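# Geometric and topological summary
Chain by chain, the residues:
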Amino acid sequence: MTVATSARADRLVDQLADRELDAIIVTNLVNVRYLTGFTGSNGAAIVSPDMRVFITDFRYVEQAEKQVPDFELARGKQDLLSDVVKRLSGRVGFEDTHVTVRQYERLQELVPEGVELVGAGGAIEELRAVKDEEELRLIRNAAELSDQIFQYIASGPIVGRTEREVAVDLEHWMRQHGAERPSFPSIVASGPHGALPHAEPRDEPIVADTLVTFDLGCVVDGYCSDCTRTFATGEISDEMREVYELVRSAQLTALDGVRAGAENRAVDTASREPIAAAGHGDHYGHGLGHGVGLEIHEAPRLAQTAEGTLDAGNVVTVEPGVYVPGKFGVRIEDLVAVTDDGAEIFTHFPKDLITLGS
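Let me begin by describing the structure that accompanies this report. (Residues numbered from 1 in each chain as written. Predicted model: local features only at pLDDT ≥ 70, side-chain atom pairs only at ≥ 80, totals over all residues. Heavy atoms only, no water.)

Attention now goes to the pattern of salt bridges. If you walk through the whole model with that rule in mind, you get 26 salt bridges. A salt bridge links Asp132 to Arg8, with the nearest nitrogen and oxygen atoms 2.8 Å apart. Of this pair, Asp132 sits in the loop between helix H6 (123–128) and helix H7 (133–155) while Arg8 sits in helix H1 (residues 2–18), and the two are 124 residues apart along the sequence. Among the residues examined, Arg8 registers a relative accessible area of 1% and is labelled buried. With its nearest N and O atoms 2.2 Å apart, the salt bridge here joins Asp10 to Arg52. (Salt bridge = Lys/Arg side-chain N within 4 Å of Asp/Glu carboxyl O. Helix = DSSP H or I, 4+ residues; strand = E, 2+ residues; numbered from the N terminus. Buried < 20%, exposed > 50% of the residue type's maximum accessible area, 1.4 Å probe, protein only.)

Spelled out as structure tokens, the structure:
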């Protein structure tokens, strides 16, 4: 990833000029990984137009030599701040959205005279929102594994097994087939429990003739995937089937609106209008989607409260849902990359209603 991390540092330097900063300290480990390639648990980077320094403690020096070829490597104490400040001068940005009050106070105590600390939170997150080709490749790989997990779900018995048993099985399967870990705790929610958008799997058996929602993702090479499908477990009511088709149609409509330049709020509205027209507006209370990358929730957002427009290279979820209290829920979600002329859909498992056996 040498070319990728070098280019990311170059883009960050451009951000410094826009923010009138001489340098920036990067301490959030997700941002450190994005910028340098380092995957350990203690590291910091300093970037300026003429300096790229990575600092870690003795535990990670050898690892950093392999993972961080584009930065000057420096060994420091486990508390890295005292080593970081030695390299600072001028107007220096720090990640105020991640730095604690105690860390900020310590920075203020340690910085040399003449150094001005300036909040620069969001600088790297802004860069991370637009994925480069290496990132898109890694997210495609994670999404491909998610597709395989759903194929595994569709191939096996489901009725009579508990939600928790199935969730544990899926997470074990994904690890066996290449995932580092789940992107988030897997959701398996059947019947009335499916009316909870963030339902936690229970020690309750999945019954026949209802709907069951699976929301899951996996981490592959540091990058996340996210996909949701809702299945039937036998004969379901007309209401369930109608709501399923409503959500599927709304999801397809929203996908058609995803493209560079589209307003984030407008894409959300495209999914919301048909659901409201069908009388289920109050049953769709969350935003349409969110960015996905090194973290499962990152910029941009697709919601009524979201501002801005989509950029080519954004990777977002498109996941409308209808949740009928006390009865059932339906959510269908794809992971997509924004392009200049539409969306590249990373998840390919079918969205026609599939019935799972016992």
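The discussion continues.
Turning our eyes to something else, we now look at the packing of H7 against helix H8 (residues 163–176). Between H7 and H8, the least distance of the axes is 10 Å, while the angle of their chain directions is 135°. With respect to their mutual orientation, H7 and H8 come out oblique. Remark: the crossing between H7 and H8 carries right-handed chirality. When H7 is examined against H8, the residues Leu145, Gln148, Ile149, Tyr152 and Ile153 are found in contact with a partner set consisting of Asp169, Leu170, Trp173 and Met174. Residue classes in the contact of H7 with H8 are distributed as 7 nonpolar, 1 polar and 1 charged. (Axes fitted to C-alpha atoms, helices over the stretch in contact; angles between N-to-C directions. Parallel < 35°, antiparallel > 145°, perpendicular 65-115°, else oblique. Left-handed = near helix turned anticlockwise from the far one by under 90°. Contact = heavy atoms within 4.5 Å. Nonpolar A, V, L, I, M, F, W, Y, C, P; charged D, E, K, R; others polar.)

Where helix H9 (residues 238–257) contacts helix H10 (residues 264–277), the two axes come as close as 8 Å, and the packing angle between them is 155°. The angle between H9 and H10 places the two elements in the roughly antiparallel class. The crossing of H9 and H10 is right-handed. Seen from H9, the contacting residues are Leu246, Ala250, Thr253, Ala254 and Gly257; seen from H10, they are Val267, Ala270, Ser271, Pro274 and Ile275. Of the residues belonging to the contact of H9 with H10, the class tally is 7 nonpolar, 3 polar and no charged.

A few words on the nonpolar core. As a rule of thumb, soluble globular proteins bury nonpolar side chains together. Within the largest apolar cluster, 38 residues are counted, with the highest numbers of intra-cluster contacts made by Leu12, Ile24, Val26, Leu35, Phe71 and Phe346. Among the secondary structure elements, those contributing two or more residues to this core are H1, strand S1 (23–26), helix H2 (29–36), strand S2 (43–48), H6, H7, strand S11 (223–224) and strand S18 (334–339). Setting aside its immediate chain neighbours within four residues, Phe71 contacts Ala9, Leu35, Thr36, Ala45, Ile46, Val47, Arg52, Val53 and Phe54. Listed in part, the 28 residues of the second largest apolar core include Ala262, Val322, Val336 and Val338. (Core = buried A, V, L, I, M, F, W, Y, C linked by side-chain atoms within 4.5 Å.)

Quick look at the environment of Asp169 now. Note on placement: Asp169 falls in helix H8. Between the C-alpha atoms of Asp169 and Tyr104, which are 65 residues apart in sequence, the distance is 43 Å. Ignoring anything within four residues of it in the chain, the contact list for Asp169 reads Tyr152 and Arg161.

With that settled, consider the pairing of strand S12 (residues 227–232). For S12, the buried fraction is high: 6 of the 6 residues fall into the buried class. Side-chain alternation along S12 places Cys227, Arg229 and Phe231 on one buried face and Thr228, Thr230 and Ala232 on a second face that is also buried. The pairing of strand S9 (residues 211–216) with S12 spans 6 bridges and is antiparallel. Its bridge partner being in S12, Leu211 is matched across the sheet by Ala232. (Pairing = 2+ DSSP bridges.)

In spatial order, the strands read S7-S10-S11; together these 3 strands make up an open sheet with antiparallel pairing. Every interior strand has two partners, whereas the edge strands, strand S7 (181–182) and S11, have only one. Bridge analysis of strand S10 (residues 218–220) against S11 gives 2 bridges, and the strand direction is antiparallel. Note on S11: the bridge partner recorded for Val219 is Cys224.

Summarising the element assignment, Thr230 is placed in strand S12. On the basis of relative accessible area, Thr230 is assigned to the buried category, the value being 2%. The contact partners of Thr230, leaving out residues within four places of it in the chain, are Leu211, Val212, Thr213, Tyr244, Gly329, Val330, Arg331 and Leu353.

Looking now at H10. Its 14 residues place the ends of H10 21 Å apart at the C-alpha level, agreeing with the 20 Å of an ideal helix rising 1.5 Å per residue. The largest bend in H10 is about 30°, located at Ala270, with the proline Pro274 one to four residues further on. Of the residues making up H10, those classed as buried are Asn264, Val267, Asp268, Ser271, Arg272 and Ile275. Contact partners of the buried residues in H10: H9, strand S14 (298–302) and strand S16 (321–324). One or two positions beyond H10, positive phi appears at Gly279, with a value near 90°. (Expected span 1.5 Å × (residues − 1). Bend = angle between axes of the 7 residues up to and from the residue.)

On to the packing of aromatic side chains, then. Counted by the stated rule, this structure contains 8 aromatic pairs. Judged by centre distance (5.6 Å) and plane angle (90°), the rings of Phe38 and Tyr60 are edge-to-face. Here Phe38, found in the loop between H2 and S2, pairs with Tyr60, found in the loop between strand S3 (51–56) and helix H3 (61–67); they are 22 residues apart in sequence, far enough to count as distant. Each member of the pair Phe38 and Tyr60 is classed as buried. Both rings, one in Phe94 and one in Tyr104, keep their centres 5.2 Å apart while their planes meet at 25°; by these two values the pair is stacked. Highlighted residues: Phe94 in strand S5 (residues 91–94) and Tyr104 in helix H5 (residues 101–110), separated in sequence by 10 residues. What makes Phe94 buried here is its relative accessible area of 7%. Each residue in the set Phe150, Phe214, Phe231 and Phe349 is aromatic and connected to the rest through ring pairs, giving one cluster. The ring of Tyr284 has Arg272 lying over it, and the distance from NZ or CZ to the ring centre is 4.0 Å. (Phe/Tyr/Trp six-rings, centres within 6.5 Å; stacked < 30°, edge-to-face > 60°. Lys NZ or Arg CZ within 6 Å of the ring centre and 35° of its normal.)

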